[in-house]
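# Reading the structure
If you want the building blocks of each chain, they are given just below.
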Amino acid sequence: MLCLARPAVRPYSSLTMTDARFPHRHLLGIQGLGPSEITSLLDLAEGYVEQNRSNDKRKNLLRGRTIVNLFFENSTRTRTSFELAGKRLGADVINMQSAGSSVQKGETLIDTAMTLNAMHLDVLVVRHPDSGAVKLLSEKVNCAVINGGDGSHEHPTQALLDALTIRRRKGKLSGLNVAICGDVRHSRVARSNIYLLNAMGASVRLIGPRTLLPSGLDRMGVEVFHDMKKGLADVDVIMMLRIQNERMSGNFIPSIREYFHFFGLDREKLGLAKPDAVIMHPGPMNRGVEIDSDVADDVERSLIRSQVEMGVAVRMACLDMLTRGLIQSEGES
Ligand code: NCD
């Protein structure tokens, strides 16, 4: 059995309104959030991890509130965990897919916003294939908006759940070497993680073929490597990313076989990192493409299942925080 290092975190019940600093109306991205805001969300989520592990998983904190999950792209983990998070806090949760909604019939994003406003929602969770679409919607609706992933821009709740997973295992974020490997070009998960890890004092390296690491990334305060052997040396955390075929136009990799040979994480490449380095993946995984099953399913080293568990707790914390009435400035995002 693994012994998880735990940070010294006060139980949720002792976090008061003044402790929890999150003066934002929406959660659109990690960019612009400070370390104390990120820490407040993570500390709040710790309490929800305990609640989710107990027999009494449901609280009435959000009784009477309405949450809509509006997903214009496929999702398993994110949509389900937001649904579970809302229900465990006692809210009414409705899922809307773009297939089957009026969006398919040509309704614009603005018309959709007007319709949602008339329904008096409290929180809207949106996933959209276009970067910036969630922000646009947030400017038109009367409720709090959470970005469930917009194009290749940001996926803030994924970065928060990754941070919680790392913090629980390593006891800290600051000072860690984190490698984000693979299709960074198309990854909103990578961008949100870069912002968060930098804000919290971790060192971030990006590893991948040149075609999947666009130029200019070094301006984000990261180190860039094109060779796993060099990039993984001395690393504490390895985050693998899926090849996002749906966002690619053209060929970015010569063949799956070659990609796996050079950039797929297997036992041999894992051996290049620190002996206690952990493996993460936001899912869905392409086994045999960016990661070998042998390491993905290694219960000692892989945190992939823990990431899913932390996803529910983090989303509960985000729903809780945005509905607390801590809005200090209406214009702020
Ligand atoms: C990620 C996403 O949708 O951006 N998945 C997720 O939210 N768990 C990563 C991916 O699709 O590869």
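Counting 62 residues, the largest nonpolar core has Ile146, Leu160, Ile180, Leu196 and Leu206 as its most contacted members. Looking at this core, the element that brings in the most residues is helix H11 (residues 304-322), giving 10 residues. Ile146 has contacts with Leu27, Phe82, Val123, Leu124, Val125, Val126, Val134, Thr157, Cys318, Leu319 and Leu322, leaving out every residue within four places of it along the chain. Phe225, Met240, Val289 and Ala296 belong to the second largest nonpolar core, which has 26 residues in total.

Looking at the protein, pLDDT values average 90 and 90% of them are 70 or higher. Note that residues 1-18 has pLDDT below 50 and, in this model, 34 contacts with residues that lie over four places away or in other chains. Across residues 326-333 the pLDDT falls below 50, and counting only partners more than four positions away or on other chains, this stretch makes 15 contacts in the model.

Helix length check: helix H5 (residues 156-170), at 15 residues, gives a terminal C-alpha distance of 21 Å against a target of 21 Å (1.5 Å per residue), a fit within 8%. Of all 15 residues that make up H5, 15 are buried, and the element is covered over most of its length. Gly171 lies just past H5 and shows a positive phi near 80 degrees.

Quick look at the packing of helix H1 (residues 35-53) against H5 now. One way to put it is that H1 packs onto H5 with a least axis distance of 10 Å and a crossing angle of 75 degrees. Relative to H5, H1 is oriented roughly perpendicular. Note on element contacts: H5 touches H1 through Leu160, Ala163, Leu164, Arg167 and Arg168, opposite Ile38, Thr39, Leu41, Leu42, Asp43, Ala45, Glu46, Val49, Glu50 and Arg53. Of the residues that constitute the contact of H1 with H5, the class distribution is 8 nonpolar, 1 polar and 6 charged.

Here we take up the sheet that holds strand E3 (residues 123-128). Hydrogen bonds between backbone atoms are what pair the strands of a sheet, whose relative direction is either parallel or antiparallel. Read from one edge to the other, the open sheet built from 4 strands follows the order E2-E1-E3-E4, with strand pairing classed as parallel. With one partner strand each, in any of the chains shown, strand E2 (92-97) and strand E4 (144-150) form the two edges of the open sheet. Recorded for the sheet is a direction-independent mean angle of 15 degrees between the axes of neighbouring strands. When strand E1 (residues 66-71) meets E2, the two strands line up parallel, connected through 6 bridges. Along E2, the bridge assignment pairs Thr66 with Asp92.

Let us now look at the pattern of salt bridges. Applying the stated criterion across every chain, the model contains 17 salt bridges. The shortest N-O distance in the salt bridge between Lys274 and Asp236 comes to 2.9 Å. Placement of the pair is Lys274 in the loop between helix H9 (267-270) and strand E9 (278-280) and Asp236 in the loop between helix H7 (228-231) and strand E8 (237-240), with a sequence separation of 38 residues. The exposure class assigned to Asp236 is buried, which follows from its relative accessible area of 6%. One network of salt bridges, with partners in common, ties together Asp43, Glu46, Arg167 and Arg168.

Residues Ile110, Met114 and Leu136 make up a contiguous nonpolar surface patch of about 230 Å² in total accessible area. Summarising the element assignment, Ile110 is placed in helix H3 (residues 109-118).

Looking at the ligand, the residues that line it are Arg77, Thr78, Arg127, His155, Gln158, Arg188, Val189, Arg242, Gln244, Pro282, Gly283 and Pro284. Within the contact set of the ligand, an oxygen atom lies 2.7 Å away from a side-chain nitrogen or oxygen of Arg188. Take Gln244: an N or O atom from its side chain is 3.1 Å from an oxygen atom of the ligand. Burial of the ligand by the protein chains amounts to 95% of its free accessible area of 310 Å². Of all the secondary-structure elements, those providing two or more residues to the shell around the ligand are helix H2 (77-88) and helix H6 (188-199).

Reading guide: rules and limits
- Residues numbered from 1 in each chain as written.
- Predicted model: local features only at pLDDT ≥ 70, side-chain atom pairs only at ≥ 80, totals over all residues.
- Heavy atoms only, no water.
- Core = buried A, V, L, I, M, F, W, Y, C linked by side-chain atoms within 4.5 Å.
- Buried < 20%, exposed > 50% of the residue type's maximum accessible area, 1.4 Å probe, protein only.
- Helix = DSSP H or I, 4+ residues; strand = E, 2+ residues; numbered from the N terminus.
- Contact = heavy atoms within 4.5 Å.
- pLDDT = per-residue confidence, 0-100.
- Expected span 1.5 Å × (residues − 1).
- Axes fitted to C-alpha atoms, helices over the stretch in contact; angles between N-to-C directions.
- Parallel < 35°, antiparallel > 145°, perpendicular 65-115°, else oblique.
- Nonpolar A, V, L, I, M, F, W, Y, C, P; charged D, E, K, R; others polar.
- Pairing = 2+ DSSP bridges.
- Salt bridge = Lys/Arg side-chain N within 4 Å of Asp/Glu carboxyl O.
- Patch = residues over 30% accessible without salt bridge, like charges linked within 9 Å, V, L, I, M, F, W, Y side chains within 5 Å.
- Areas by Shrake-Rupley, 256 points an atom, 1.4 Å probe, with all protein chains shown as cover.
- Near = heavy atom within 4 Å.
- Polar contact = N/O pair within 3.5 Å; in protein donor to acceptor, adjacent residues only side chain to side chain.

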